[in-house]
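Structure at a glance
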Amino acid sequence: MERAAVLIGVSKTGNLPELQAVTPSVQRMTDWARRQGIDEGHLQVLTDEKNPVTVEQVHSAITALVDRASVEQLIVYFSGHGINIDSEFWLLSGAPKNVNEAVNVEGSVRLARYCGISHVVLISDACRSAAEGLLALQIKGGEVFPNEPVSGTEKPVDILFSCARGKPSLEIVDPAAAAAEAAKRYSALYTEVLLDYLTGRHQETLHPVEEDGRVVAELRLGELADCLKRDVPARLAAMKIDPKLNQLPDDRISRHTEDAWIARMPFKGRLLSRTFSPGIPAREPPPVTPFTVSEGLVSASLEGDQRKWKELLSLESGGRERGLLEAVATQAEPFGPMHFETQCGFKIRGARIVDTVQRDVAAELLGTAGDTVRVGGLTAPGANVLLVLENGCGVAVPALPDFIAALSFEGGQLVDVSYEPSENTWRWGEYAHAVNELRSLRATIAASAALGVFRLNEEGGLALARRMQYAKGVDPSLALYAAYVYDSLQRRDLIDEMRSYMEGDLGLVFFDVALLSRAPIMGRFVPPFPMLSQGWALLSAYRAQLPPSLHGIEQCRVPSLWTMFNGKGVAMLRKAILSGGIER
């Protein structure tokens, strides 16, 4: 197999602490790559030891390897500072002052799927905490794979993350102080453990394979990912490092490549038979983490087992696990009116609405609490309604006939949007039979996504497709989450199927679903931009454009799981809606 590697190290960016371990980590990865037989023509090393590292350099290095048209496996490794602005970004030398000098990881992943290389593996030894400060929040970044699809067939792209996506409110009091401490002590921990496995120090994880009359030992990607999730936290605990710091590895491994090898070395044991393969010996059950808690809750919800779901919800736990369970319990609890005379409206908790902006429909703010909006006069399948909040921020949420949209805010962020049929519509009778199961599933997914621990394998993704369809209808909120699940599983067929189902049931498609289907953004879709914030990072890779009236609005977003805008963005949306700059 022809292999190649691009190894990137950026120790200094902006005013963030300098990471002393970056250069040694890249050097060790370089030594490993050479021992793997990756020659100089297939090995690109980019560090800021002598000169700044730029997006163009990374893009050129990867493009040169793609253009060979013979590379079968490409490994892209990054060591340095990273941030999460609804999506992953690796900060290069010029960031954040130059908002383009960062790697848009998710956008790059989408392009990598079509670059023609059979298997791409991204390894990220970088922080994934939420961006702090105005400069960091403005980061745009760029994709580092060529935007010239070689094949119409998606190829597997796998990612190993050194830590789970951060939510500082549940982890650390002072993110800046934690970054400084990490710079001094922890930055190379993940790479150290990774290299222990890549270099064969854990013989029990290697699989002997007979090839051309000789025996070699292979390290398989899926097992490597499992070992890292177990051993990195254990190494951290052994070092007696602050347990509140986030060093729980994460990964996204395709079912097609979990048994693919990522390292080969001479086999030092004795081959007992052609089928002998020691693999990982039996071990104690994996430790309880937010990932395992989420997996258990999602599994129970998909099975419709409310008793098991409630038992899991009452488990004794601490830290991030307890935060997840509390968030799920809160979001599963219904609130506000269950019907409007108009059969359509909004209700919110955790914030207060002071104004609404809409065109050709009626929106009435009820009472004085600012938590209920009745919508009437809908003649189209849906309408864009801007809800302006007391703090000056705003959210644009589709009003759907027969549905009430429930919005939950926490800490100034929109953490969940769920749609349920109004009790006085034809939809409610069918929906009521599954309402408890659907509420528990939505709450589990929303809370897990907010914490960055929502994952589904292919079997779970298919189960979600079945669960979100009730009788003759579809749950709009679950359809949105499902689209991103199917995208991560690289199941375009399921996204297309769901898009067709939404069009048939609701007469419209959410922007996110249209975007992920990679079909032209045509027909009836709402709103005119991604509803889930993670979709914004994909606009460039998928060549999607917003209406001219909203040019630059991406710079007006505020940190939130679901898209929210600051005052400037609210003013732009208000003008666009009232003037007809966007479809109603």
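Being a predicted model, the structure only gives us computed values, none of them experimental.

Bringing the overall build of the protein into the picture now. Helix and strand content of the protein: 17 helices and 24 strands. The contacts in the protein between residues at least 6 apart in sequence include a share of 71% that link residues at least 24 apart. Summed over all atoms, the accessible surface of the protein reaches about 23,700 Å², with 50% contributed by carbon and sulfur.

Taken in spatial order, the five strands of this open sheet run β15-β16-β13-β19-β20, and their pairing is mixed. If you trace the sheet from one side to the other, it starts and ends with β15 (362-365) and β20 (413-421), each paired once. Recorded for the sheet is a direction-independent mean angle of 20° between the axes of neighbouring strands. Where strand β13 (residues 345-349) meets strand β16 (residues 372-376), three bridges bridge the pair, whose relative direction is antiparallel. Residue lysine 347 lies in a different strand from β16, and its bridge partner there is threonine 372.

So, about the pattern of salt bridges. On inspection of all chains with the given rule, the structure shows 30 salt bridges. Between arginine 255 and glutamate 458 there is a salt bridge; the shortest N-O distance is 2.4 Å. Taken as a pair, arginine 255 in the loop between β11 (250-252) and β12 (261-266) and glutamate 458 in helix α13 (residues 458-467) lie far apart in primary sequence, 203 residues in all. Judged by its relative accessible area of 48%, arginine 255 falls in the partly exposed class.

Take the sheet that holds strand β9 (residues 207-211) next. Pairing is antiparallel in the open sheet, where three strands are placed in the order β9-β10-β12. Strands with a single pairing partner mark the edges of an open sheet, and in this sheet they are β9 and β12. For this sheet, the mean angle separating the axes of adjacent strands, direction not counted, is 40°. Direction of pairing for strand β10 (residues 214-220) relative to β12: antiparallel, over a ladder of five bridges. When the sheet's bridge partners are listed, valine 216 is paired in β12 with proline 266. Its contacts with the sheet put helix α7 (residues 221-238) on β9, β10 and β12, and the angle it makes with β10 is roughly 50°.

Another point: the confidence of the model for the protein. Parts of the prediction with low pLDDT should not have their coordinates interpreted in detail. Averaged over the protein, the pLDDT score is 86; the fraction of residues at 70 or greater is 89%. Within the protein, helix α5 (residues 175-185) has the poorest average pLDDT of any element, 52, and strand β1 (residues 3-10) the best, 98. Considering only residues more than four positions removed or in separate chains, one finds that residues 167-175, a stretch of pLDDT under 50, has 16 contacts. When the criterion is pLDDT under 50, residues 271-283 qualifies, and its contacts beyond four places in sequence or with other chains add up to 22 contacts.

Before going further, it helps to examine the state of the cysteines. Tallied over the entire structure, the rule returns zero disulfides. Unpaired in this structure, cysteine 163 has its nearest cysteine sulfur neighbour in cysteine 127, at a distance of 5.5 Å. Judged by relative accessible area, cysteine 163 falls into the buried class, the value being 5%.

Enumeration over the complete set of coordinates arrives at eight aromatic pairs. Ring plane angle 25° and centroid distance 5.8 Å describe the contact between phenylalanine 529 and tryptophan 536, whose orientation is recorded as stacked. One exposure class covers both phenylalanine 529 and tryptophan 536, and it is buried. Consider the rings of phenylalanine 529 and phenylalanine 565, whose centres lie 5.2 Å apart with planes at 80°: the pair is edge-to-face. Taken together, the residues phenylalanine 529 in the loop between β24 (525-526) and α17 (567-579) and phenylalanine 565 in the loop between β24 and α17 connect sequence positions 36 residues apart. When its relative accessible area of 1% is taken as the criterion, phenylalanine 529 is described as buried.

The next point concerns unusual backbone geometry. The step from alanine 95 to proline 96 runs through a cis peptide bond, and the omega angle for that step is -5°. Mapping proline 96 onto the fold places it in the loop between β5 (88-91) and β6 (102-104). Positive phi, close to 60°, is recorded for alanine 69, a residue that is not glycine. Along the chain, the position of alanine 69 falls in the loop between α2 (55-66) and β3 (73-80).

A few words now on helix α14 (residues 476-488). The first and last C-alpha atoms of α14 sit 19 Å apart over 13 residues, in line with the 18 Å expected at 1.5 Å per residue. With 12 of 13 residues buried, α14 is to be regarded as a mostly interior element. Those residues of α14 not exposed but buried are Pro476, Ser477, Leu478, Ala479, Leu480, Tyr481, Ala482, Ala483, Tyr484, Val485, Tyr486 and Asp487. Sitting at the head of α14, aspartate 475 places a side-chain oxygen 3.1 Å from the backbone nitrogen of serine 477. Phi turns positive one or two residues past the end of α14, at glutamine 490, with a value near 60°.

The rules behind each value
- Residues numbered from 1 in each chain as written.
- Predicted model: local features only at pLDDT ≥ 70, side-chain atom pairs only at ≥ 80, totals over all residues.
- Heavy atoms only, no water.
- Helix = DSSP H or I, 4+ residues; strand = E, 2+ residues; numbered from the N terminus.
- Contact = heavy atoms within 4.5 Å.
- Areas by Shrake-Rupley, 256 points an atom, 1.4 Å probe, with all protein chains shown as cover.
- Pairing = 2+ DSSP bridges.
- Axes fitted to C-alpha atoms, helices over the stretch in contact; angles between N-to-C directions.
- Salt bridge = Lys/Arg side-chain N within 4 Å of Asp/Glu carboxyl O.
- Buried < 20%, exposed > 50% of the residue type's maximum accessible area, 1.4 Å probe, protein only.
- pLDDT = per-residue confidence, 0-100.
- Disulfide = S-S within 2.5 Å.
- Phe/Tyr/Trp six-rings, centres within 6.5 Å; stacked < 30°, edge-to-face > 60°.
- Expected span 1.5 Å × (residues − 1).
- Polar contact = N/O pair within 3.5 Å; in protein donor to acceptor, adjacent residues only side chain to side chain.

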